[in-house]
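Chain by chain, the residues:
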Amino acid sequence: MSANTTVVTSILDQLSSLGHKKVVFCNDPDTGLKAIIAVHDTTLGPALGGTRMWSYATEAEALEDVLRLSRGMTYKAAITGLNLGGGTAVIIGDSRKGKSEAMMRSYGRFIKNLNGEFITAEDVGTTMRDMEYIRMETSHVTGVPESIGGAGDPSPVSAKGVYLGIKACVKEVFGTDVLAGRSVVVQGIGSVGEHLVELLRNDNVEVFVSDINEERLQYVAKKYKAKAVEADRVFGLDVDIYAPCALGATVNDSTIPKMKFAIIAGSANNQLANEQTHGQLLLEKNILFAPDYLINAGGLINCYSELTGYGKKRTMQLTENIYEATRNVIKLSKAENIPTIRAANRIAEQRIIDIKKIKSSF
Ligand code: NAD
């Protein structure tokens, strides 16, 4: 067997183990486009997910990221009750230097060739403008400006979902979902983080903020009367809630031992470095973890609204469901003494199984 055959075999093994339906490798030398589109599952509907542009060190790293993110989208749509499957795409490159209209339109043509099986939106490194370029080639894109029929910036909706997830957890731990008097550290005060800080401060929560961007840190701290803390102090802070709103994998072997939090609930995707071991560790440490893909689903709900023609009111109604959905996950986790992430996965998987049965019986 040649070396190339071995690589293909191992990619297909990865797809099988994570349950992916299809992966498309896009290569356009004319525009410099190198992208990977992963369609994880389409039982519930077309696979919807963001397009991330990132300077991956290796193609293997890009593949790993797209496989992990697309699987997460399947679970997010399923548990949120949306008729969507899960998918994600990554473009390999530096979004500040390597992007062009031609590249985004070339990428749009690859999406077009999937005939609606994959629909995209913004993610890290891509903007509303990029979605407009993709829209010039295919209608299978969301997250375009309101002026051309889009649902606009999803981050306030995402922040609202996270806020409701926090309330559901606070109800569980403190017996009431009144947030006044509680303390939260928000790590990463970008688009979602800042909206979350605003919601929490409106409820008289004591808020600590941290960001690697010092200018932004001082600006948000001053605007909302929050306390700025250095990045390396976040995990040892004596506050009720840790809200990760920057990067994934911040809940890991080195950070968990430092934690005195009662609750972890934030917007970042894939917060647990290892779903199984770290979910279990948090359960043993009695730290309540709000599954990220459940409480950060506001952005996906916003995209779904764009596809279905829902207005703002319906978008917010669907987002309000996150409170009850989080309560249900906690209930199952307690009843079975399993980590909340496992409880959430079980609920999401069950919905997919149930709908698959209906589809095959007609
Ligand atoms: P953003 O880029 O606007 O903000 C991220 C912020 O985190 C920036 O201010 C950045 O300086 C800061 N940051 C980066 N590394 C940090 C670190 N190590 N410590 C502290 N701060 C750090 O992104 P966003 O749109 O606000 O999204 C935040 C997170 O939520 C991302 O993980 C994103 O994938 C996830 N998410 C966002 C949405 C949405 O609607 N925007 C929806 C679902 C999930």
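Everything below is about the structure shown above.
A few points on the structure.

Conventions adopted
Residues numbered from 1 in each chain as written. Predicted model: local features only at pLDDT ≥ 70, side-chain atom pairs only at ≥ 80, totals over all residues. Heavy atoms only, no water. Helix = DSSP H or I, 4+ residues; strand = E, 2+ residues; numbered from the N terminus. Buried < 20%, exposed > 50% of the residue type's maximum accessible area, 1.4 Å probe, protein only. Contact = heavy atoms within 4.5 Å. Areas by Shrake-Rupley, 256 points an atom, 1.4 Å probe, with all protein chains shown as cover. Lys, Arg positive; Asp, Glu negative; His and termini not counted. Charge placed at Lys NZ, Arg CZ, Asp CG, Glu CD. Expected span 1.5 Å × (residues − 1). Bend = angle between axes of the 7 residues up to and from the residue. Phe/Tyr/Trp six-rings, centres within 6.5 Å; stacked < 30°, edge-to-face > 60°. Lys NZ or Arg CZ within 6 Å of the ring centre and 35° of its normal. Salt bridge = Lys/Arg side-chain N within 4 Å of Asp/Glu carboxyl O. Axes fitted to C-alpha atoms, helices over the stretch in contact; angles between N-to-C directions. Parallel < 35°, antiparallel > 145°, perpendicular 65-115°, else oblique. Left-handed = near helix turned anticlockwise from the far one by under 90°. Nonpolar A, V, L, I, M, F, W, Y, C, P; charged D, E, K, R; others polar.

1. A short note on the overall build of the protein
Logical step 1: Each helix and strand counted, the protein has 12 helices and 11 strands in total.
Logical step 2: Once the C-alpha set of the protein is aligned to its principal axes, its extents read approximately 55 × 50 × 45 Å.
Logical step 3: Put simply, the protein has 362 residues, and 53% of those count as buried.
Logical step 4: Pairs at least 24 apart in sequence give 64% of the contacts found in the protein among residues at least 6 apart.
Logical step 5: Counting every atom, the protein has about 16400 Å² of accessible surface; 51% of that belongs to carbon and sulfur.
Logical step 6: Of the side chains in the protein, 41 bear a positive and 41 a negative charge, and the two mean positions are spaced by 4 Å.

2. Examining helix 11 (residues 312-336)
Logical step 1: Counted at 1.5 Å a residue, the expected span for helix 11 with its 25 residues is 36 Å, and the 37 Å between its end C-alpha atoms agrees.
Logical step 2: Where helix 11 bends most, the angle comes to about 25°, and this point is Y323.
Logical step 3: Along helix 11, the positions that sit buried rather than exposed are T315, L318, T319, I322, Y323, A325, T326, V329, I330 and S333.
Logical step 4: Following helix 11 by one or two positions, N337 adopts a phi angle in the positive range, close to 50°.

3. Observations regarding the packing of aromatic side chains
Logical step 1: A full pass over the atoms with the stated rule returns four aromatic pairs.
Logical step 2: Ring centres 5.4 Å apart and planes at 70° place the aromatic pair F235 and Y242 in the edge-to-face group.
Logical step 3: Taking 6.0 Å as the distance between ring centres and 70° as the angle between the ring planes, the aromatic pair formed by Y304 and Y310 counts as edge-to-face.
Logical step 4: Using a relative accessible area of 9% as the deciding quantity, one classes Y304 as buried.
Logical step 5: Three or more aromatic residues joined by ring pairs make a cluster, and in this case those are F235, Y242 and F261.
Logical step 6: Sitting over the face of the ring of F174, R182 holds its NZ or CZ atom 3.6 Å from the ring centroid.

4. So, the pattern of salt bridges
Logical step 1: Counted by the stated rule, this structure contains 21 salt bridges.
Logical step 2: A salt bridge links D94 to R96, with the shortest nitrogen-to-oxygen separation between them at 3.3 Å.
Logical step 3: For K99, the salt bridge identified is with D130, shortest N-O distance 2.6 Å. Here the residue K99 occupies a position in the loop between strand 4 (85-92) and helix 3 (101-112), and D130 occupies one in helix 4 (residues 128-135), the gap between them amounting to 31 residues.
Logical step 4: Here K99 falls in the partly exposed class, since its relative accessible area comes to 24%.

5. Details of helix 5 (residues 155-174)
At 3.6 residues per turn, the α-helix brings residues three or four places apart onto the same side.
Logical step 1: Over its 20 residues, helix 5 extends 28 Å from the first C-alpha to the last, a length consistent with the 28 Å expected when each residue adds 1.5 Å.
Logical step 2: Counting buried positions along helix 5 yields 14 of 20 residues, so the element is predominantly enclosed.
Logical step 3: Positive backbone phi, approximately 80°, marks G175, located one or two places after helix 5.

6. Describing the packing of helix 10 (residues 298-308) against helix 11
Logical step 1: Where helix 10 meets helix 11, the axes come as close as 9 Å, and the angle between the chain directions of the two elements is 150°. The pairing of helix 10 with helix 11 is recorded here as roughly antiparallel in orientation. Relative to helix 11, the crossing made by helix 10 is right-handed. Contacts between helix 10 and helix 11 involve G298, I301, N302 and S305 from the former and T315, L318, T319 and I322 from the latter.
Logical step 2: When grouped by side-chain class, the residues that make up the contact of helix 10 with helix 11 number three nonpolar, five polar and no charged.

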